[in-house]
Amino acid sequence: MHAQLLTAAGRPLVAAELPAPRPGPQQVLIEVRACAVCRTDLHVVDGELTDPKLPLVPGHEIIGTVVEKGEGAGRFAIGDRVGVPWLGWTCGVCEFCRSGRENLCDRARFTGYQIDGGYAELTVADERYCFAIDRRYGDVEAAPLMCAGLIGYRTLRMAGDAQCLGIYGFGAAAHIVAQVARHQGRRVFAFTRPGDTGAQDFARSLGAEWAGDSTSSPPEPLDAALIFAPVGSLVPAALAATKKGGTVVCGGIHMSDIPSFPYQILWEERVLRSVANLTRHDAEEFLALAPEAGIRTETVTYPLDRANAALGDLRSGALQGAAVLVR
Ligand SMILES: [Zn+2]
Ligand SMILES: [Zn+2]
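Keep in mind that what you see is a predicted model, and the values were worked out from it rather than measured. (Residues numbered from 1 in each chain as written. Chains lettered and ligands numbered in written order. Predicted model: local features only at pLDDT ≥ 70, side-chain atom pairs only at ≥ 80, totals over all residues. Heavy atoms only, no water.)

A. Summary view of the coordination of the zinc ion (ligand 1). For the zinc ion (ligand 1), the full set of protein donor atoms is Cys-91 (SG), Cys-94 (SG), Cys-97 (SG) and Cys-105 (SG), at a range of 2.3 to 2.4 Å. What the 4 donor atoms of the zinc ion (ligand 1) show is an angle range of 103 to 118 degrees at the metal, which sorts the shape as tetrahedral. Donor residues for the zinc ion (ligand 1), ordered by position in the chain, follow C-x2-C-x2-C-x7-C. (Donors = N, O, S within 2.8 Å, 3.2 Å for Na, K, Ca; no water. Tetrahedral: all angles 85-135°; square planar, octahedral: opposite > 155°, others 65-115°.)

Written as structure tokens, this is what we have:
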């Protein structure tokens, strides 16, 4: 099968011809139809997330068709369409798994990081971590739901019932989260790279009532802020824009260092927290909600062999919405 392979951090992916993987017990072999490109892929390729499996097939927003089942695999039938997310395996016995927090599992394994992912024609996944995908979505359209959607949704949940919601970094996750927030009747304020009027227009088209530079103040104080851009200096900016008792949630897996800031902007019971990974419960909840809420995704497709171009466009901020690799 054709695959795009990471052989060492900091190097471009290389096209490779690999033997077709075989499904093990409780695994399914999946013909990949579409795989969205996540910022986390960029962190793995650039070496900001350390110790990936090497060589590695990246990609953890996979939509494909089950073509073979391993021993004991019975959740899906041959021909079923499934989605494969970042959470690829958990131990089920650690204190986190036993308390409904499998996203924090001590021995968790992640797709496109410790497990070969979807930048390939075929992939193998543990069926217990795969999900059925609603018929209302095409393959390309559904792919960004698998991480930008799922982890974005978990990030939004951590904001509680905040009405005035600030979103910093208006990429793949934000463009989905903004729609969910609007569906829930919240007000959305979008912050982009300074001068990125294209992203600001995009945010307004998805229901943001205000969009501006991340260096500017919103027209009114926020009840909560979500940060999707991997930029540490946004943390004090978001705290300063957030009301007493409000929450700032960091939704990414990696961020540049957070500069020191006066205690005064955290005081008055503001909460600063991060979100890590997803639980299967998050996925079930979000994948049921998305079609009912009419969530659409904006995608730019690239052929599989142009994965490096997709990563480059994501790195430079040239993309609107989500990049998706197709065969
Ligand atoms: Zn565990
Ligand atoms: Zn991701």
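There is more to say, and it comes next.
B. Quick peek at the nonpolar core. Of all hydrophobic cores here, the largest spans 100 residues; its most connected members are Tyr-119, Ile-167, Phe-170, Leu-226 and Phe-286. With 8 residues, strand β3 (residues 27-37) is the largest single contributor of residues to this core. Judged by nonpolar contacts, the second largest core, of 18 residues, contains Leu-222, Val-235, Ala-238 and Cys-250. (Core = buried A, V, L, I, M, F, W, Y, C linked by side-chain atoms within 4.5 Å. Buried < 20%, exposed > 50% of the residue type's maximum accessible area, 1.4 Å probe, protein only. Helix = DSSP H or I, 4+ residues; strand = E, 2+ residues; numbered from the N terminus.)

C. Fine view of the side chain of Gln-179. Relative to the helices and strands, Gln-179 is located in helix α4 (residues 172-183). Residue classification places Gln-179 among the buried positions, given a relative accessible area of 13%. Of note is the side chain of Gln-179, whose polar atom sits 2.8 Å from the backbone oxygen of Arg-296. Aside from chain neighbours lying at most four places away, what touches Gln-179 is Leu-206, Gly-294, Ile-295 and Arg-296. (Polar contact = N/O pair within 3.5 Å; in protein donor to acceptor, adjacent residues only side chain to side chain. Contact = heavy atoms within 4.5 Å.)

D. Spotlight on the sheet that holds strand β15 (residues 271-274). Read across the sheet, 6 strands follow the order β12-β11-β10-β13-β14-β15 without closing on themselves; strand pairing throughout is parallel. Edge strands, defined here as strands with exactly one partner in the open sheet, are β12 (210-213) and β15. Going across the sheet, the axis of each strand differs from the next one's by a mean of 20 degrees, ignoring polarity. Relative to strand β11 (residues 187-192), strand β10 (residues 164-168) is paired through 5 bridges, and the arrangement is parallel. Bridging from a neighbouring strand, Leu-165 pairs with Val-188 of β11. (Pairing = 2+ DSSP bridges. Axes fitted to C-alpha atoms, helices over the stretch in contact; angles between N-to-C directions.)

E. Looking closely at helix α8 (residues 307-316). All of the buried residues along α8 are Ala-307, Ala-310, Leu-311 and Leu-314. In an axial view of α8, the angular spread of the buried residues amounts to 95 degrees, which keeps them on one side of the axis. In this structure, the buried residues of α8 make contact with β1 (2-5), β3, α1 (39-45), β16 (299-303) and β17 (322-326). Once α8 ends, the next one or two residues include Gly-317, with phi positive near 80 degrees. (Arc of directions from axis to C-beta.)

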